[in-house]
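Structural overview
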Amino acid sequence: MEKRYTSLNEFYPFYLSEHSNTTCRVLHFIGTGLVFFTLFYAIITQRWLALIAIPFIGYGFAWVGHFFFEKNKPATFQYPGYSLASDFILFFDLLLGRQKFKVE
């Protein structure tokens, strides 16, 4: 029987366990960074059509990481909200050094 997560605090450790491959983490970091860049670009330039690229950029990098390097199914399919929030948390944890790209 599969565990059901009912809070982000409960879900995040599972999320981290599904992101133990260094290349997958790097791809997530790049994709999320480009999402922020695209969002800021759209706001600053008022080129709102750029916002259309955000899901393709974010999910594109992440899914390549999962399917080709992590070899698992992205948590987005079962927990879209928790997964998106966890992706942003992981991005800032990696940026601030609270998480490492290489899991030991």
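Check the entry above for the structure.
Conventions adopted
Residues numbered from 1 in each chain as written. Predicted model: local features only at pLDDT ≥ 70, side-chain atom pairs only at ≥ 80, totals over all residues. Heavy atoms only, no water. 1 Å grid on protein atoms, 1.4 Å probe; cavity = no way out; pocket = protein on both sides within 12 Å on 5 of 7 lines; lining within 4 Å. Points joined across faces, edges and corners; volume = space filled by probe spheres on them. Helix = DSSP H or I, 4+ residues; strand = E, 2+ residues; numbered from the N terminus. Nonpolar A, V, L, I, M, F, W, Y, C, P; charged D, E, K, R; others polar. Buried < 20%, exposed > 50% of the residue type's maximum accessible area, 1.4 Å probe, protein only. Contact = heavy atoms within 4.5 Å. Lys, Arg positive; Asp, Glu negative; His and termini not counted. Salt bridge = Lys/Arg side-chain N within 4 Å of Asp/Glu carboxyl O. Polar contact = N/O pair within 3.5 Å; in protein donor to acceptor, adjacent residues only side chain to side chain. Expected span 1.5 Å × (residues − 1).

**Quick look at the layout of surface pockets**
Looking at the largest pocket, its volume works out to about 270 Å³. The wall of the largest pocket is formed by 19 residues, among which Thr 32, Gly 58, Tyr 59, Leu 84 and Asp 87 lie closest to the centre. Residue assignment for the lining of the largest pocket shows that the elements contributing at least two residues are α2 (22–45), α3 (53–70) and α4 (80–95). The leading source of residues in the lining of the largest pocket is α3, at seven residues. Across the lining of the largest pocket, the residue classes tally to eleven nonpolar, seven polar and one charged.

**With respect to the side chain of His 28**
Mapped onto the fold, His 28 is located in helix α2. With a relative accessible area of 6%, His 28 lands in the buried category. Ignoring any residue separated from it by four or fewer positions in sequence, one finds His 28 in contact with Tyr 15, His 19, Ala 62, His 66 and Asp 87.

**Details of the side chain of Asp 87**
Among the secondary structure elements, Asp 87 is positioned in helix α4. Despite its burial, Asp 87 remains without a salt bridge, the nearest opposite charge being carried by Arg 25 at 9.8 Å. Among the polar contacts listed, one links the side chain of Asp 87 to the side chain of Tyr 15, at a separation of 3.0 Å. Other than its neighbours up to four places away in sequence, Asp 87 contacts Tyr 15, His 28 and Thr 32.

**Observations regarding α4**
Over its 16 residues, α4 extends 23 Å from the first C-alpha to the last, a length consistent with the 22 Å expected when each residue adds 1.5 Å. Residue Gly 97 follows α4 closely and has a positive phi angle near 80°.

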